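Residue strings, one per chain:
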Amino acid sequence: MDLIPVWNFYGSIRQALLLSVKEGGDEMYWTARQEPEGLILSIRADDGRILTD
């Protein structure tokens, strides 16, 4: 069994409101926080594939 290095990105994803400068409406967007709440993403270093559970 070979070990494969990965890049792990930790934090949390939450939905937030952004006040739009266009017509005064609200837009929804996703933002990542840098607090270590859990694993967001793992990427294999050898071929760039994204790993999931």
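Preceding this paragraph is the structure being described.
Residues numbered from 1 in each chain as written. Predicted model: local features only at pLDDT ≥ 70, side-chain atom pairs only at ≥ 80, totals over all residues. Heavy atoms only, no water.

Student: Pulling in residues and values, what's your account of the overall build of the protein chain?
Tutor: A count of helical and extended segments in the protein chain gives 0 helices and 5 strands. Along the protein chain, helices (α) and strands (β) appear in the sequence β-β-β-β-β when read from the amino end. The buried share of the protein chain, taken over its 53 residues, is 13%. Restricting the contact set of the protein chain to residue pairs at least 6 apart, pairs at least 24 apart contribute 47%. When the accessible surface of the protein chain is summed, it comes to about 4900 Å², and 55% of that surface belongs to carbon and sulfur atoms. (Helix = DSSP H or I, 4+ residues; strand = E, 2+ residues; numbered from the N terminus. Buried < 20%, exposed > 50% of the residue type's maximum accessible area, 1.4 Å probe, protein only. Contact = heavy atoms within 4.5 Å. Areas by Shrake-Rupley, 256 points an atom, 1.4 Å probe, with all protein chains shown as cover.)

Student: Describe the pairing of strand β4 (residues 39–44), and please don't skip the residues or the numbers.
Tutor: Pairing between strand β1 (residues 6–10) and β4: 5 bridges, direction antiparallel. Paired with Asn 8 across the two strands is Ser 42, which belongs to β4. In the sheet, β4 pairs with strand β5 (residues 50–51) via 2 bridges, with the strands oriented antiparallel. Looking across to β5, one finds that Ile 43 is bridged to Ile 50. Counted along the chain from β4 to the antiparallel partner β5, the turn is 5 residues long, and its residue Gly 48 has a positive phi close to 80 degrees. (Pairing = 2+ DSSP bridges.)

Student: Go over the side chain of Ser 42 with me, naming the residues and quoting the values.
Tutor: Here Ser 42 shows up in strand β4. Side chain to side chain, Ser 42 and Asn 8 meet in a polar contact 2.4 Å long. Once residues within four sequence positions are removed from consideration, Ser 42 is found in contact with Trp 7, Asn 8, Arg 49, Ile 50 and Leu 51. (Polar contact = N/O pair within 3.5 Å; in protein donor to acceptor, adjacent residues only side chain to side chain.)

Student: Please provide a residue-by-residue account of the sheet that holds β4, values included.
Tutor: Reading across the sheet, the 3 strands line up as β1-β4-β5 and stay open at both edges, with antiparallel pairing between neighbours. Two strands bound the open sheet, and with one partner strand each, they are β1 and β5.

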